[in-house]
Amino acid sequence: MKILLVGYFTESSEVNIIRNFPEEWNVVIVPPGEEMLYHIADCQVIIPEHVKIDFNLLSKAKKLKLVQTGAGYDNVDIDACTKLGVWAANAAGVNAQAVAEHVMAFILSYYKNILFLDTFMKNKIDQNQLDYTGSEINGKTVGIIGYGAIGKKVAQFCKAFDMNVLVHTRNAAVQSDGVIQVVNFDDLISQSDIVTVHSSLNPQSQKLMDKEVFKKMKNTALFINTARGGIVNEGDLIEALKNKDISGACLDVFEKEPLPIDNELRTMSNVILTPHTAGMPDGLKFHKKRYDFFVNNIKRVENGQEPESKLNQLF
């Protein structure tokens, strides 16, 4: 069994990844490019971290049985996989705890002004000169767009902090209960003190958060995105922050990654940024729970079974 993992990893992360797979499997880790094309011809499984899996690429993988992604799969052409008889699967929910904790860290850091206070202390400024704003989150309303495993976990955390939780989801089975209130998109946007995105990137969510949406938000609102950068019109977000249409933003994902050095978001005092690390529980480019899921799914396909968390149907 040849496993091709395409992405950018540190040497130590590559060691950890390879150790997680059975010794008898041939695990090849390469960056996108020519070397990837050489190995894709005879691999049975591809795990694409930083590459688009389209019909053209799939047609070169004559022995491919499975395209396995993490939680997100917007880089995979599912229809092309189906046409070519290749299973596609993601690892839904494996990073829910990590991402939800990251969202809470964003919320608390922003409202408690942790970054400012840390800088103040380290710059050894006279405490009599301290002048800052902060806020309790008790009683604030958080609006969650998308209610999968991550959205549900964020809702539970926010409820534990005595926050009001609004949810907008296309899943008609989700109903209001003691934790959440299901509302339409416009009501969520206009009523929330915090708007946090947890939907997948798809044609309906592409640039969902644009100028018109930001204008409908409270001018005191905080916007959080740990899902996909493409859900947001980044230029519109920057203008909304400049014009004080919203109060601030906490972002882990961006339209272009890594975030360009000259991107204006890097200079804004009302923005907190992290480098697409919300789903990483241990601070490394290695997520054991995710790779355990990958190994189990590969074994299932190897044994002629359907993969878990499948994204298409072949039989």
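Residues numbered from 1 in each chain as written. Predicted model: local features only at pLDDT ≥ 70, side-chain atom pairs only at ≥ 80, totals over all residues. Heavy atoms only, no water.

## Description of the environment of Thr267
Thinking step 1. Tracing the chain through its elements places Thr267 in the loop between β11 (248–251) and β12 (271–273).
Thinking step 2. Thr267 sits in the exposed class, given a relative accessible area of 63%. (Helix = DSSP H or I, 4+ residues; strand = E, 2+ residues; numbered from the N terminus. Buried < 20%, exposed > 50% of the residue type's maximum accessible area, 1.4 Å probe, protein only.)

## Some points on the nonpolar core
Thinking step 1. Core analysis: the biggest nonpolar cluster contains 30 residues, and Ile189, Met209, Phe214, Met217, Phe223 and Leu237 have the highest contact counts within it.
Thinking step 2. Secondary-structure elements contributing two or more residues to this core are α8 (185–191), β9 (194–197), α9 (211–216), α10 (234–242) and β11.
Thinking step 3. At four residues, α10 tops the list of elements feeding residues into this core.
Thinking step 4. Setting aside residues no more than four positions away along its own chain, Met209 makes contact with Ile145, Phe185, Ile189, Val195, Val197, Phe214, Met217, Phe223, Ile231, Val232 and Asn233.
Thinking step 5. In this structure, Val154, Val165, Ile224 and Cys250 belong to the second largest nonpolar core, which totals 28 residues. (Core = buried A, V, L, I, M, F, W, Y, C linked by side-chain atoms within 4.5 Å. Contact = heavy atoms within 4.5 Å.)

## Some words on helix α5 (residues 96–111)
Counting along an α-helix, one turn takes 3.6 residues, and residues three or four places apart therefore face a common direction.
Thinking step 1. When the terminal C-alpha atoms of α5 are compared, their 23 Å separation across 16 residues agrees well with the 22 Å that a helix rising 1.5 Å per residue should span.
Thinking step 2. Burial in α5 covers these residues: Ala96, Ala98, Val99, Ala100, His102, Val103, Met104, Phe106, Ile107, Tyr110 and Tyr111. (Expected span 1.5 Å × (residues − 1).)

## Remarks on the environment of Asn243
Thinking step 1. Inspection of the secondary structure puts Asn243 in the loop between α10 and β11.
Thinking step 2. For the pair formed by Asn243 and Lys215, sequence separation is 28 residues and the distance between their alpha carbons is 9.8 Å.

## A closer look at the pairing of strand β3 (residues 45–48)
Thinking step 1. Taking every second residue as pointing to the same face, both faces of β3 are buried, with Val45 and Ile47 on one and Ile46 and Pro48 on the other.
Thinking step 2. The pairing of strand β1 (residues 2–6) with β3 spans four bridges and is parallel. Paired with Leu4 across the bridge in β3 is Ile46.
Thinking step 3. The pairing of β3 with strand β4 (residues 66–68) spans two bridges and is classified as parallel. Following the sheet pairing, Ile46 is matched in β4 by Val67. (Pairing = 2+ DSSP bridges.)

## Some details on the pattern of salt bridges
Thinking step 1. Evaluation of the coordinates by the stated rule reveals 13 salt bridges.
Thinking step 2. Across the pair Asp193 and Lys218 runs a salt bridge, and its minimum N-O distance is 2.9 Å. Linking Asp193 in the loop between α8 and β9 with Lys218 in the loop between α9 and β10 (222–225), this pair joins segments that are 25 residues apart in sequence.
Thinking step 3. Between Lys310 and Glu306 there is a salt bridge whose closest N-O contact spans 2.7 Å.
Thinking step 4. Owing to a relative accessible area of 29%, Glu306 belongs among the partly exposed residues under this scheme.
Thinking step 5. The network of salt bridges with common partners includes Glu239, Lys242 and Glu264. (Salt bridge = Lys/Arg side-chain N within 4 Å of Asp/Glu carboxyl O.)

## Considerations on the confidence of the model for the protein
Thinking step 1. Summarising the model, the protein shows a mean pLDDT of 95, and 99% of its residues fall at 70 or more.
Thinking step 2. Mean pLDDT values over the elements of the protein span from 89, in helix α1 (residues 11–20), up to 99, in β9. (pLDDT = per-residue confidence, 0-100.)

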